[in-house]
Amino acid sequence: MTFISDSEADALSALLSRRSVLGATAAAGGLLATPLSAFAQGSTAAGPGEAEITVDQARQAPIPIVIPSFGAGMGEQISGVISSDLESTGLFKVMSGDVPPGSTPDFSALKAQGARAAVAGRAVGSGSVRVEMRLWNVVAGEQLQGTAYTASPSNWRRIAHIIADVIYERMLGEKGYFDTRIAYIARTGPRRHQITRLALMDQDGFNSRMLTGGQWLTLTPRFNPARDQVAFMSYANNRPRVYLFDLGSGGQQMLGEFDGISFAPRFSPDGSRVVLSATRGGGSDIFVVDLASRSKHQITSSGGAIDTSPCFSPDGSQIVFNSDRGGSPQLYIMSASGGGARRISYGSGQYGSPVWSPRGDLIAFTRIGHGGFSLGVMNPDGTGERILTQGFTVESPTFCPNGRVLAFCRQSASSAGGAGFSSGIGTIDITGFNERPIRTATGASDPAWSPLNG
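These numbers come from a predicted model, not from an experiment.

For the rest of this paragraph, the subject is the pattern of salt bridges. A complete count under the given rule lists 16 salt bridges for this structure. Across the pair aspartate 179 and arginine 158 runs a salt bridge whose closest N-O atoms are separated by 2.8 Å. With aspartate 179 in the loop between helix 6 (156-172) and strand 7 (181-188) and arginine 158 in helix 6, this pair connects stretches of sequence that are 21 residues apart. Judged by relative accessible area, which is 0%, aspartate 179 ranks as buried. Residue arginine 325 is joined to aspartate 307 by a salt bridge in which the shortest nitrogen-to-oxygen separation is 2.8 Å. Placement of the pair is arginine 325 in the loop between strand 19 (318-323) and strand 20 (330-335) and aspartate 307 in strand 18 (residues 307-312), with a sequence separation of 18 residues. What you see here is one network of salt bridges that share partners, running through Glu174, Arg359, Asp361 and Arg404.

Rendered as structure tokens:
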């Protein structure tokens, strides 16, 4: 069975396949990056990964950076997206100013303006666009980065996100997360009879695309970290199951045959397996499905309890999951092969939706108690629990690729008739700093962050 027509799948394939675009040549409609040498007056500073300032320092005092227009039309749009990306982190203070793209900037004037860094750039061309960018350390008077990007005009937003990632990495010493997407569930219609569609957007809410038609209830999308693929749950034909959606072809297929309902999928770090839950009698157990052979292996035996929401650790050796085996929903960690489960949540309330940070240092979760929801993080051993935000409903946390920011769903209460209900996606720093909404054309829930360049 299919969720969209073959013609729609072909159109989506052209729009959604990003890894192929990134690796293609400019002549083939892809994106090509080439270095720009430093001007004679300047030198090139330390390489990528060596921070000019730490993230913790930038939280306390955002980096003042001058980003001028890259030119009229598309150039103005590109510099606008770069500025928006950097400002959205709360770690940069973007300022206007004059930084010539073809020569060394006036560092004295930039210092007097209070800038610590400055960007110079220009965008030229029509059949293909060439965007040149130079990043300068104003304090040291050095060029940190010089790169020219060539691509088709349709990829201008992606060029802007990639440049923002470069600036983030050169200034903070960590990979950025702007050239990413978020899979989510688009919601339309009244509260009690909502139409749900699998959807995809850039991390800033732009370029949203619907992937399914809305005939069936659709939930919990998850990105494959290694290929253009999303796992999700669908009630297609009134048989709730986990499906795979191929972003390269637009095709979809059911993942495995289970006696009961399969749900709550997540990929392994290498993208070769999916861990999920399947109902058995009055409870549910956790299974691992190999994507190549489609063989499945049961790794919990709940004995009537509900084991669900499994998530691999970044090294693939452990799984965190939610279970009511102790009487109420709590978080547990076990070996990825099953066995040795130990409880890690001991706060007041019921815990769910655990997800491991790609850095390996934190587990995010939802906690229900005292009449509302909380979104928090803890160390993998259960210590250091911190609540980041609270509300009527805050759930479905997902980490950005560098582990510094969480996206999540926030829903409001409604009246008995459903009036006043809203459902949207927001982001928040892992310290509880800089909570921001992502604007979407419809209601939205169940976010899942892609890998970088995914």
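Under the defined criterion, the tally for this structure stands at 10 aromatic pairs. Judged by centre distance (5.8 Å) and plane angle (75°), the ring pair of tyrosine 168 and tyrosine 177 falls under edge-to-face. Seen from their ring centres, tyrosine 168 and phenylalanine 178 are 5.9 Å apart, and the 80° between their planes marks the pair as edge-to-face. Taken as a pair, tyrosine 168 in helix 6 and phenylalanine 178 in the loop between helix 6 and strand 7 lie far apart in primary sequence, 10 residues in all. Judged by its relative accessible area of 0%, phenylalanine 178 is buried. Through successive ring pairs, a cluster of aromatic residues spans Phe92, Tyr168, Tyr177, Phe178 and Trp449.

With 7 of 8 residues buried, strand 16 (residues 283-290) is to be regarded as a mostly interior element. In this sheet, strand 16 lies alongside strand 15 (residues 273-280) in antiparallel orientation, the contact comprising 8 bridges. Looking at the pairing, threonine 279 lines up with serine 284 of strand 16. Here strand 15 folds back onto strand 16 in antiparallel fashion, the turn holding 2 residues, of which glycine 281 has a positive phi close to 65°. Bridge count between strand 16 and strand 17 (residues 296-298): 3 bridges; the pairing is antiparallel.

Our next topic: the sheet that holds strand 8 (residues 195-202). The strands that make up a sheet are held in pairs by hydrogen bonds between backbone atoms, and each pair lies either parallel or antiparallel. Strand order in this open sheet of 4 strands is 9-8-7-30, and the pairing throughout is antiparallel. Sheet topology places strand 9 (209-210) and strand 30 (443-449) at the edges, where each strand pairs with a single neighbour.

Our next topic: helix 6. Under the 1.5 Å per step criterion, the end-to-end length of helix 6 is 24 Å for 17 residues, consistent within 8% with the ideal 24 Å. After helix 6 finishes, the residue glycine 173 shows a positive phi value of roughly 75°.

Glancing now at the packing of helix 4 (residues 74-88) against helix 6. It is the contact of helix 4 with helix 6, at a shortest axis distance of 8 Å, that shows an interaxial angle of 45°. One element, helix 4, and the other, helix 6, form an angle in the oblique class. As for the relative orientation of helix 4 and helix 6, their crossing is right-handed in sense. Touching Met74, Gln77, Ile78, Val81, Ile82, Asp85 and Leu86 of helix 4 are Trp156, Arg157, Ala160, His161, Ile163, Ala164, Ile167 and Tyr168, all from helix 6. A class-by-class count of the residues in the contact of helix 4 with helix 6 yields 11 nonpolar, 2 polar and 2 charged.

Before going further, it helps to spend a moment on the sheet that holds strand 3 (residues 92-95). The strand order across the open sheet formed by 6 strands is 1-6-5-4-2-3, and the pairing between neighbours is mixed. The open sheet has two edge strands, strand 1 (31-35) and strand 3, and neither has a second partner. Taken pair by pair, the neighbouring strands of this sheet meet at an average axis angle of 25°, ignoring direction. Contacting strand 2 (63-66), strand 3, strand 4 (117-124) and strand 5 (129-137), helix 4 crosses the sheet at an angle of about 150° to strand 3.

Its 15 residues give helix 4 an end-to-end C-alpha distance of 21 Å, which sits within 8% of 21 Å, the value for a rise of 1.5 Å per residue. Taken together, the buried positions of helix 4 are Gly75, Ile78, Ser79, Val81, Ile82, Ser83, Asp85 and Leu86. Lining the buried residues of helix 4 we find strand 2, strand 3, strand 4, strand 5 and helix 6. Where helix 4 terminates, the next one or two residues include glycine 90, which has phi positive at roughly 75°.

Thresholds, definitions, all that
Residue numbering note: each chain is counted from 1, following its sequence as written. Confidence filtering applies because this is a predicted model: local features only for residues at pLDDT of at least 70, side-chain atom pairs given and counted only at 80 or more, and all residues used for totals across whole chains, interfaces and linings. Each side-chain value is worked out from all heavy atoms of the structure, with water and hydrogens disregarded. Each reported salt bridge corresponds to a side-chain nitrogen of Lys or Arg within 4 Å of a carboxyl oxygen of Asp or Glu. Secondary structure counts use DSSP, requiring at least four H or I residues in a row for a helix and at least two E residues in a row for a strand, with both numbered from the N terminus. Partly exposed describes any residue whose relative accessible area lies between the buried limit of under 20% and the exposed limit of over 50%, with all areas from a 1.4 Å probe on protein chains only and scaled to the type maximum. Stacked, tilted and edge-to-face are the three classes applied to pairs of Phe, Tyr and Trp rings, where Trp contributes its six-membered ring and a pair requires centres within 6.5 Å; stacked means planes under 30 degrees apart, edge-to-face means over 60, and tilted covers the rest. Any two strands with at least two DSSP bridges between them are considered paired. To estimate the expected span of a helix, subtract one from its residue number and multiply by 1.5 Å. Interaxial angles span 0 to 180 degrees and are taken between N-to-C directions of axes, which are lines fitted to C-alpha atoms, for helices over the stretch in contact. Roughly parallel refers to an angle under 35 degrees, roughly antiparallel to one over 145, roughly perpendicular to one between 65 and 115, and oblique to any angle outside these ranges. Take the far helix as the reference: if the near one is turned anticlockwise from it by less than a right angle, the crossing is left-handed, and if turned clockwise, right-handed. Only heavy atoms matter for contacts: two residues are in contact if any of them lie within 4.5 Å across the pair. Asp, Glu, Lys and Arg are counted as charged, while Ala, Val, Leu, Ile, Met, Phe, Trp, Tyr, Cys and Pro are counted as nonpolar; the rest, among them Gly, fall into the polar class.

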